[in-house]
Amino acid sequence: MANVVIKSDDAVECFLYPKFCLTKNFEQVTEEKLIEEINKYYEATKHITKDYIWHKESLTFFPRTKRSLLLETLIEGSKYEDNELVPHIYVKLHFDEDVGDEWFTVYLINYLTKVFDGLIARVTDSDGEFLLIESANALPSWANPEVCEKRVFISNGSIHVIPDKDKSLLDNLNSINKNANLFKLSEAVQSIIQKRISIYPDEIKERTHKARAYLPEKAAFMLQEDPGLIAPAIRRLFHSDPFERKVCRGMKFFPPEQRTMVNIRMTKCLYAMIMHCRYTGDPMTGWNLPPVNSTAYSAHLLGVKIACGLEMLISSAYEEQRKKANDASAESTNDRLKMRERTLNAFVSRLELSGYFKDLLEGSQERERLLQVAKDYFSNKSDSNKLLHMEPEHDKERVLKVWGNIQTNDVDFTGHEETTLSPSDNDDWLNVNPVELENLLGERWGDKSSKTDKLTSQTLRRKIQNFLKETSGVEGVQLFSDNDLKLDVDDSGKIEFDTDAFDIALRDILDLAVPGGDGEFEDSSEESLGGDDEDKCGEMDDYMRQLDNELRMEKNLGLVQNEKLCETPKSPDKIESNLLESLSREAGGSGPTGNIIGGPIRKFMHLQLQSPSTVPPDLQS
């Protein structure tokens, strides 16, 4: 049985298909050729990403040949369909708390499709085709999730959809490459996506926050050497528990005795995380924080938090190194070779059962070639898994590398005079009042004042009338026309719901005085169910008054006659008799007729249809 692949909620996946991959002979697309293409991508984007601080992982490209895809499918389950085994370049990036990394990745992929001729890309996350979700209001009516799944592509900076489910992935890619305009979505869709990513690369500077921090000198040097280390340091502290923070009591790597004031650059998301982290360091360590009302308190506290995050990172990395060394010393080389051989044999057996060798004879040239490919994949599999799934370990290796440079070079870090440092950026953006929030939402989703088509009782009534006249197809009734959809897109306003207008329109449509005649949707008054003697709006009103008079007379005379009460009144209209019969069968409960007429009226009419002994106590007068 195929394994079910569960997508991570905080990851974006990208599939890039260079033009040379669009061939029927996939064996020609080698890993070396894909790696050569990947190096071009890094070179083309390095001027954009050089100052970018990634929240959890950096953008990393991986080559995927037909062989590696096939082996991965056979070993790990049917992750891909046969028609999806097209060589490509793969990206999987975890963005965790900062969704800005996801949209920056979309910007970079979109940029690459414009730089490299013929490059086609597809991006997706746990929500599916999130580019279409972003532009949902501008999509055509046929663009539903079932039609668009795995058929949304980026080519030359534009979004394309091929709705034909019978075509293979390779056919879809070639179709876009040959006639892109045929599958290009409307300009309304393109403008929404472009507006979302056009904030880059300027957004890189906007999302950055600069602050002063009073740091141990070695910690300051590490962040000077690799500014990106600020992200794993803050995230490690933010997600740590009291047990993990025990290493911060001694501060073996970053003692508080030698500290210096420096400027630290981080993202606004990271700054918000560390400012809302309540950890202030162990009081026995000797941080000597100034009073809370001091102007230097924020810089000192920020330095404590960053230093503790780095301390936990290095301590964890060294602990893992020690465990690996102990495991290696306890296990002999001979034992390791035997274990590897057993694992390789089990691997080959699984390939045999899955049909990888195609019933080829032992010792044949083709079988030996396939076996060598499998062995190469097996040898590289652990390294690939490490790169793809164990990014926290990569952070540890990264911090140990910089820490090792400090030990090797015996760095003598000289701090800066505080007067030469630039001031911290204003952090008032941390606190957003309701008015500012309303403005932010207005900028993002549209302003209320831009609404041009106000919802009135007449327009609502007209739309419901049109809906009732429609004939349902396989996929239901199309409630709104294309014009209505265009109004909604251009409107870009907030959702408004006028309860009074809706109530009046619904009363007009469900007016009981005209059940099915030519004047079914003629205007009627809210008082059509009233008891005024001059009201002649319908036969139901007359009938209700007649029932009211009979009840009043029976109550005054004290007459309780079961036969009379159970008798169905003669109605001059067949519709009225049908209503009475339906209400009788509903027995005062919920049902179609009772729901149309309404709760109070239903209970009132129900009194006439049963004996006093069967009337519920709460309804008896």
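Please read these numbers as outputs of a predicted model, since none were measured by experiment.

Student: Which parts of the structure should I look at to understand the overall build of the chain?
Tutor: For the chain, the count of helices and strands is 24 helices and eight strands. For the chain, long-range pairs separated by at least 24 residues make up 76% of all intrachain contacts whose partners lie at least 6 apart in sequence.

Student: What is the right way to read the pairing of strand β1 (residues 11-17) from this model?
Tutor: Remember that side chains alternate between the two faces of the sheet whenever the strand is regular. The buried fraction of β1 is high, at seven of seven residues. Across the two faces of β1 the burial is the same, with Ala11, Glu13, Phe15 and Tyr17 and Val12, Cys14 and Leu16 all buried. The pairing of β1 with strand β4 (residues 120-125) spans six bridges and is classified as antiparallel. By the bridge assignment, Leu16 is partnered in β4 with Ala121.

Student: I'm lost on the pairing of strand β6 (residues 158-161) in this one. Help?
Tutor: Burial of β6 is two-sided: the residues Ser158 and His160 facing one way and the residues Ile159 and Val161 facing the other way are all buried. By the bridge criterion, four bridges tie strand β5 (residues 152-155) to β6 in an arrangement that is antiparallel. Across the sheet, the residue bridging to Phe153 is His160, located in β6. The turn linking β5 back onto β6 is made up of two residues, and Asn156 within it adopts a positive phi angle of 55°.

Student: Help me understand unusual backbone geometry in this model?
Tutor: Residue Pro201 follows Tyr200 across a cis peptide bond; omega there is 5°. Tracing the sequence through the fold places Pro201 in the loop between α7 (187-197) and α8 (202-206). Not every positive phi belongs to a glycine, and Asp96 is a case in point at roughly 55°. On the secondary structure map, Asp96 appears in the loop between β3 (88-94) and α3 (100-115). Positive phi values are uncommon outside glycine, yet Met251 reaches one of about 45°. Residue placement: Met251 occurs in the loop between α10 (230-238) and β8 (259-267).

Student: Can you walk me through the packing of α10 against helix α11 (residues 268-275) in this structure?
Tutor: Two measures define how a pair of helices packs: the angle their axes make with one another and the distance between the axes. At a minimum axis distance of 10 Å, the contact between α10 and α11 shows a crossing angle of 30°. The chirality of how α10 crosses α11 is left-handed. For the pair formed by α10 and α11, the contact residues are Ile230, Ala231, Ile234, Arg235 and Phe238 on the first element and Leu270, Met273 and Ile274 on the second. Here the contact of α10 with α11 is composed, by residue class, of seven nonpolar, no polar and one charged.

Student: Any chance you could explain the side chain of Arg259 here in plain terms?
Tutor: Its location among the elements puts Arg259 in strand β8. Here Arg259 sits buried without a salt bridge, and the closest side chain of opposite charge, Glu257, lies 7.8 Å off (N-O distance). Of the polar contacts made by the side chain of Arg259, one reaches the backbone oxygen of Pro256; its length is 2.9 Å. A distance of 2.8 Å separates a polar atom in the side chain of Arg259 from the backbone oxygen of Trp287. Excluding anything up to four places from it in sequence, Arg259 contacts Tyr214, Leu215, Pro216, Glu217, Gly286, Trp287 and His300.

Student: It is not clear to me how the packing of aromatic side chains should be interpreted in this structure. Could you clarify?
Tutor: Two numbers describe a pair of aromatic rings. These are the distance of the centres and the angle of the planes. One pass over the structure, following the stated rule, counts 16 aromatic pairs. Summarising the aromatic geometry, the rings of Tyr107 and Tyr200 are spaced 5.9 Å apart at their centres and angled 35° between planes, so their arrangement reads as tilted. Taken together, the residues Tyr107 in helix α3 and Tyr200 in the loop between α7 and α8 connect sequence positions 93 residues apart. The rings of Tyr52, Trp54, Phe104, Tyr107, Tyr111 and Tyr200 are connected pair by pair, giving a single aromatic cluster.

Student: Help me out: how do you make sense of the nonpolar core in this one?
Tutor: One recurring pattern in soluble globular proteins is that nonpolar side chains are buried together. Core analysis: the biggest nonpolar cluster contains 46 residues, and Leu16, Tyr41, Phe61, Phe104, Leu112 and Leu131 have the highest contact counts within it. Here the element with the most residues in this core is α3; it accounts for seven residues. Ignoring sequence-local partners within four residues, the contact set of Leu112 consists of Leu16, Tyr41, Ala44, Thr45, Phe61 and Leu119. Listed in part, the 44 residues of the second largest apolar core include Ala211, Phe253, Ile264 and Cys277.

Student: Help me out: how do you make sense of the pattern of salt bridges in this one?
Tutor: Pairing is possible between side chains that carry opposite charge, provided their charged atoms lie close to one another. Enumeration according to the criterion identifies 17 salt bridges in this entry. Across the pair Glu97 and Arg235 runs a salt bridge whose closest N-O atoms are separated by 3.8 Å. Highlighted residues: Glu97 in the loop between β3 and α3 and Arg235 in helix α10, separated in sequence by 138 residues. Take Arg235: its relative accessible area is 12%, and that puts it in the buried class. Of the charged contacts, one joins Asp226 and Arg398 as a salt bridge, the two residues approaching to 2.8 Å between their closest N and O atoms. With Asp226 in the loop between α9 (217-225) and α10 and Arg398 in helix α15 (residues 391-409), this residue pair connects regions lying 172 residues apart in the sequence. Taking the relative accessible area as the measure of exposure, Asp226 reaches 18% and is therefore buried. Owing to a relative accessible area of 27%, Arg398 belongs among the partly exposed residues under this scheme.

Here is what the cut-offs are and how they apply
- Residues numbered from 1 in each chain as written.
- Predicted model: local features only at pLDDT ≥ 70, side-chain atom pairs only at ≥ 80, totals over all residues.
- Heavy atoms only, no water.
- Helix = DSSP H or I, 4+ residues; strand = E, 2+ residues; numbered from the N terminus.
- Contact = heavy atoms within 4.5 Å.
- Buried < 20%, exposed > 50% of the residue type's maximum accessible area, 1.4 Å probe, protein only.
- Pairing = 2+ DSSP bridges.
- Axes fitted to C-alpha atoms, helices over the stretch in contact; angles between N-to-C directions.
- Left-handed = near helix turned anticlockwise from the far one by under 90°.
- Nonpolar A, V, L, I, M, F, W, Y, C, P; charged D, E, K, R; others polar.
- Lys, Arg positive; Asp, Glu negative; His and termini not counted.
- Salt bridge = Lys/Arg side-chain N within 4 Å of Asp/Glu carboxyl O.
- Polar contact = N/O pair within 3.5 Å; in protein donor to acceptor, adjacent residues only side chain to side chain.
- Phe/Tyr/Trp six-rings, centres within 6.5 Å; stacked < 30°, edge-to-face > 60°.
- Core = buried A, V, L, I, M, F, W, Y, C linked by side-chain atoms within 4.5 Å.

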